[in-house]
Structure formats: structure tokens, C-alpha cells
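Letter by letter, the chains look like this.
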Amino acid sequence: MMITQGLLPALMTGLLAQLGGGEIVLVIVLVVTVAVFGLLALLIRQRRTSGEGGNSLLAQAREEAELIRQKASLEAENIVKEARIKAKEELIASRDEFEVSTKQRRKELQKAEERLTAKEDNVDKKLEQLDQRTAQLENRDKELRAQSDALKVKKDELDVKIGQQIQELERVAGLSQDEAKRQLLARLEESLETERGTLIRRYQEENKQLLMQEAQEVMITAMQRYAGDCAYERTTSTIPLPNEDMKGRIIGREGRNIRTIEAATGVNVLIDDTPEAVVISCFDPVRREVARITMERLVADGRIHPARVEEIVTKVRKDVEAEIQKAGQDTVNQLGITRLRQNIVTLLGRLKYRYSYSQNVLMHSIEVASMMGAIAAQVGLDEHKARRAGLLHDIGKAVDHEVEGTHALIGADLLKRAGEEDDVVNAVAAHHEEAEKTSLMAILVQICDALSASRPGARSETTELYLKRLEQLESIGNAFDGVENCFAIQAGRELRVIVQPEKITEERASILAREMAERIEKEMRYPGQIRVSIIRETRSVDYAK
């Protein structure tokens, strides 16, 4: 019973702590009911055990039950009070929390409402602007349609008036529209051609004056400093003989003397019907020179036999080699070239006996070197290196009959192996456009080489080729419409053309000169340049009677 008294309040307290509100009252009623039934069961058990003698105990149990009931009632009331107080506290806390969250939510809703209101205001403003813009566009569209309709009406009226005016103009002028267009285009073409000729003449004169002024300063200085002359020799040597009997002695018994001469010198000895003369022919100019001197000494000595031929050839070859060495060294000293290998100096000396289009190659090389030094000094290049490149530019011609390839590439290879500088090697390799130019020195070598080769008198031509070139030049001039006559003058370096003044205007004359020059450049091969001069004159003649 004591256990029940102690456990019941604890149970009640635990249940009430977990329950709240209206559930508390129900729990209290249940507890009281359980307590009463517990007491009744206790009393019945005691009565059974004690019988009738337990009346006093029953009374005592009732009293105790009453006390327990009262105590339970008091505890239940206390529990109910505590539960109510706790429920109120929780309710108040929940209400405060709810109010705080409600205020925060209300603020958020208020901000969202304000933003939404602002957006609605912006949307309203944009809608108003859009309505205004739409109204403006509609008005503008109406105006454009009205203008388009008006323009269409005016265009129709204008087309009608233009058609009437064209008909009236055709009636007055007596020309159709197509005929009038053709005449207008013809006049426009004449006007443009006149203007074109005027512009060509003006620009040609301006460029000519500027270029001639600069070129004259450079070329005059170079020409003043150049003092070399150009020697001319044939590629074959003719040896005079004292009499016709000498031919037989040169041939020898069964031709052994002439065969020995040809074998020892490497040349061809030509004995023909030419009186008192023999001809020596050889591609190698040095061999030809050795053979020429040998033949002269044999003819002068009179003793001609194989042993004597070989003896004289050996002596002459040594003399020629010494002459070659001297010519090369004199050339180097003349131009002030230093640090040149001996084999290159020897090759330079061999150029003394080499001719190109009847122009001595050594003299040509000296001429190019002299001009290059003068021009390089004028334009600010290295004068010594320029003379070196000019002197060595044709060095390959000394061995081009022995080595395969062009003389420019052969010479560049020789100089490269001799340790020459790269820009000098490139200038030699590129002076005939067989390699890409990498420096101004290469361009200068090409210019001076052309100047030396194309100057008047530098290279001789056969009479047949010369006359053929003059005829071709005059035929090109006569092929143009409006040409009355033309003449090739100044050894074919100028084409003077006389035109009909009624067909060729002053402006057309400039265009005609340009067209002739372009055709000459395209169809002809010639050294230097050819000047085309157009002569147009009008003569008015009358007679006094």
C-alpha cells in the first residue's frame, strides 16, 4: 500500500508532464477511480483473511482510504495547477514566438508588396510608353503611305513627261534614243582619252624630272671616276704566214706537226684557202692565246717538228700563266681590293682572255667595279665591298667551260668556298635573277652590270643582226594607225615616229608612245633602252597671188 502511495504520485506527475489542457482532467479522474478500486480490493482481501474480527481493521482501512483519497485529490489538484501553469507558460511562449515570426513574415510580405508595387508602376509606365510609341509608329506609317502614294503619282507623271520630252527631243534632234546614247558615249570616251593622255604626260614629266635629276648626279660621278677602256678581240686568232710554203711545214709529214700542235695546246688549227694565214679556234681563251703565241714563235723560228712544238708550248704556257697572274694582281691593286685568295686572283687574270658578246670580261668587271664603288659612295653603302662584288660578279666565266652550270652560280660557289662574305656571294649569285636578292649590294651589281653591258660600243653586233633589229623596230612603229612614217635612228636606240595630226591628238600621242614602248619591250631583244619619240605638227600653207 505504501508502494502504491509512492508510485501513484510519480506516475501522475510523469503523465501530467506529457499531457496538457483537457487531457489532464481525464487523467485525474482515471487515477482516482483506480485508487478507489484498489482500496476496495484491499479491504475485501482483509475481510476474507480476518473474518468478522476485522471490522476494526475495515474501519481503519476506510479511514486510510479516505485519507489517501483526500491526499490524492490534493495531489491531483496540485498536478492540475502545475499542468495549467506549464500549459499557460508554453502557450505564452508559443504565442510570443508566433507573434515574432508573424511580425517578421509581415515585414517580408510588406517588402515584397512594395517591390511588386514598384514593378507594377514600371510596367504601367512602359505600357504607357509602348502605347505612345505604337501610336507614333501608326501615325508615321500613315504619313509614309501617304507620301509613297504621292511619290508614285508624281513618278507616273514624271515618266509621262520624260517620255514626252524624249519624243520631243528625238523629233527636234532627228536621233533615236540609242543613237543619242552612242554619240554621248563616243564624246565621253574622247574626253576621257584626252584626260588620260594629259595625266600620263604630266606624271611622266614629273617622274622623269625627279628620276633624271637623281640619276644624273649618281651616274655623272660614277662616269667621271671610271677611266677604263674596253678592248675588242675576236674569239679566233689569225696567224699571218710569210709564204704559202709555211702551211705545209705546219702540217708536217702525214700531218704529224699539226696534230702535235693541237694535242699540246688543245685548240683547232684551221688551214684553208686564205692566203698566207692560218686560223686558231678554241672555246678556252687561254688555250687559244697559248696556241697563238706558240704558232707565232714556230713560224718565226722556222724549225717545226713535234719535239720543238712541245718545248715551245711548255715555255709559252709558263709565260701565259705568269701573264695571267700579273693581270689579276694588277687588277686587284688597281681597285684596292685586299684579302683575296691567290686562286681567285688567278681566275681574274684568266678573264683577260675571255670575251662576252665581243666585250672583254676583265675590262667589263673593272668597269662594273668602278661604277659600283662610285654609286655605293653616293648612296651610303660600303664602297670597298661594292667594288669587290662588282669585280668578282663574273668570276664564274673563267671556268664555266669546265664546270656545269651558269657562270653566276659557279662564281658564287667559288667565292663561298674561298671564304667571301655572304652579301658578296649573294650579289654574284643573284645578278642574273638565278637566286633571291638578300641585300642592296645584289641590286647594285645587277644595275651596274646592265649599264656596262648596254652602253653604246660595249658589245659589237653583226651587220645582219643590226639591220634586222632596225627593220623590226620600224615595222612595229608602222603597225599603229595614224602613223605617217617612222625611222630608227642613233644605231637603233631611238624610234622617231611622225604621225598624222588630224588623226592623232596631242593627248593621244602620249598614249601612242606608251603603247609602242610596251610592244617593243614585249617583242624585241636589245641592249639598253630604246627611246620612242612621237612627232606631231600641223602646217598651214597659203599663197599670196
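Novice: Sorry if this is basic, but what is going on with the overall build of the chain here?
Specialist: Each helix and strand counted, the chain has 16 helices and eight strands in total. When each of the 545 residues of the chain is scored for burial, the buried share is 31%. Within the chain, contacts between residues at least 6 apart in sequence are counted, and of these 60% link residues at least 24 apart. As displayed, the chain offers around 36300 Å² of accessible surface, 53% of which is attributable to carbon and sulfur atoms.

Novice: What am I meant to see in the sheet that holds strand β6 (residues 483-489) here?
Specialist: The pairing of strands in a sheet happens through backbone hydrogen bonds and is either parallel or antiparallel. Across the sheet, which stays open at both edges, the three strands sit in the order β6-β7-β8 with mixed pairing between neighbours. Both outer strands of the open sheet, β6 and β8 (531-535), are each paired with one neighbouring strand and no more. Strand-to-strand twist of the sheet, defined as the mean angle between neighbouring strand axes without regard to direction, takes the value 20°. Looking at chain direction, β6 and strand β7 (residues 494-499) are connected through six bridges and run antiparallel. Residue V483 lies in a different strand from β7, and its bridge partner there is V499. Sheet strands in contact with helix α16 (residues 506-523) are β6, β7 and β8, and its direction is about 150° off that of β8.

Novice: When you look at the side chain of K397 in this model, what are you seeing that I'm missing?
Specialist: Examined against the element boundaries, K397 turns out to sit in the loop between α11 (383-392) and α12 (407-417). Judged by relative accessible area, which is 9%, K397 ranks as buried. Excluding residues that lie within four positions of it along the chain, K397 makes contacts with L351, R354, S356, V361 and H407.

Novice: Just checking my understanding: could you explain helix α13 (residues 422-430) for this structure?
Specialist: Because the α-helix completes a turn every 3.6 residues, residues three or four places apart line up on one side. Summarising burial for α13: seven of the nine residues are buried, a large majority. All buried positions along α13 are accounted for by V424, V425, N426, A427, V428, A429 and A430.

Novice: Would you take a moment to explain the confidence of the model for the chain for this structure?
Specialist: Any region with low pLDDT has predicted coordinates that should not be read closely. With 82% of its residues at a pLDDT of 70 or more, the chain shows a mean pLDDT of 81. When mean pLDDT is taken per element in the chain, α11 scores highest with 93 and helix α1 (residues 2-18) scores lowest with 48. Under a pLDDT of 50 for its full length, residues 1-8 has, in the predicted model, eight contacts with residues more than four places off or in other chains. Here residues 226-234 is modelled with pLDDT under 50, and outside its nearest four sequence neighbours on either side it reaches 17 contacts, counting other chains as well.

Novice: How do you make sense of the packing of α12 against α13 when you look at a structure like this?
Specialist: Contact pair α12 / α13: the axes reach a minimum separation of 7 Å and the direction vectors enclose 165°. Compared by their axis directions, α12 and α13 come out roughly antiparallel. Regarding α12 and α13, the two cross each other, and that crossing is right-handed. Taken together, the residues of α13 that come into contact with α12 (itself represented by A408, L409, G411, A412, L415 and K416) are V425, V428 and A429. Tallied by class, residues from the contact of α12 with α13 come to seven nonpolar, one polar and one charged.

Novice: Sorry, what's going on with the sheet that holds strand β3 (residues 277-281) here?
Specialist: Spatially, the three strands line up as an open sheet ordered β1-β3-β2, and their pairing is antiparallel. Both outer strands of the open sheet, β1 (236-240) and β2 (268-270), are each paired with one neighbouring strand and no more. Across the sheet, the axes of successive neighbouring strands diverge by a mean angle of 25°, strand direction being ignored. Strand direction decides the pairing type here: β1 and β3, joined by five bridges, are antiparallel.

Novice: I'm lost on the pattern of salt bridges in this one. Help?
Specialist: Opposite charge on two side chains makes pairing possible when the charged atoms of those side chains draw close. Overall, the coordinates contain 29 salt bridges when judged by the stated rule. Here K247 ties to E244 by a salt bridge, and the two come within 3.3 Å at their closest N and O atoms. The exposure class of K247 is buried, given its relative accessible area of 7%. On the basis of relative accessible area, E244 is assigned to the partly exposed category, the value being 39%. With a closest N to O distance of 2.9 Å, E523 and R519 form a salt bridge. Placement of both E523 and R519 in helix α16 is noted, with a separation of four residues, approximately one turn of the helix. Classification of E523 by relative accessible area gives partly exposed; the value is 41%. By relative accessible area, which is 30% here, R519 ends up partly exposed. Through salt bridges that share partners, D301, R303, R308, E311 and K315 make up one connected network.

Novice: I keep staring at the environment of I337 and nothing clicks. Help me out?
Specialist: Assignment of secondary structure puts I337 in the loop between α8 (306-335) and α9 (342-350). When its relative accessible area of 7% is taken as the criterion, I337 is described as buried. Taking the C-alpha atoms as reference points, I337 and H384, separated by 47 residues in sequence, lie 7.3 Å from one another. Excluding residues within four positions of it along the chain, I337 makes contact with V332, H384, R387, R388 and L391.

Basis of the calculations
Residues numbered from 1 in each chain as written. Predicted model: local features only at pLDDT ≥ 70, side-chain atom pairs only at ≥ 80, totals over all residues. Heavy atoms only, no water. Helix = DSSP H or I, 4+ residues; strand = E, 2+ residues; numbered from the N terminus. Buried < 20%, exposed > 50% of the residue type's maximum accessible area, 1.4 Å probe, protein only. Contact = heavy atoms within 4.5 Å. Areas by Shrake-Rupley, 256 points an atom, 1.4 Å probe, with all protein chains shown as cover. Pairing = 2+ DSSP bridges. Axes fitted to C-alpha atoms, helices over the stretch in contact; angles between N-to-C directions. pLDDT = per-residue confidence, 0-100. Parallel < 35°, antiparallel > 145°, perpendicular 65-115°, else oblique. Left-handed = near helix turned anticlockwise from the far one by under 90°. Nonpolar A, V, L, I, M, F, W, Y, C, P; charged D, E, K, R; others polar. Salt bridge = Lys/Arg side-chain N within 4 Å of Asp/Glu carboxyl O.

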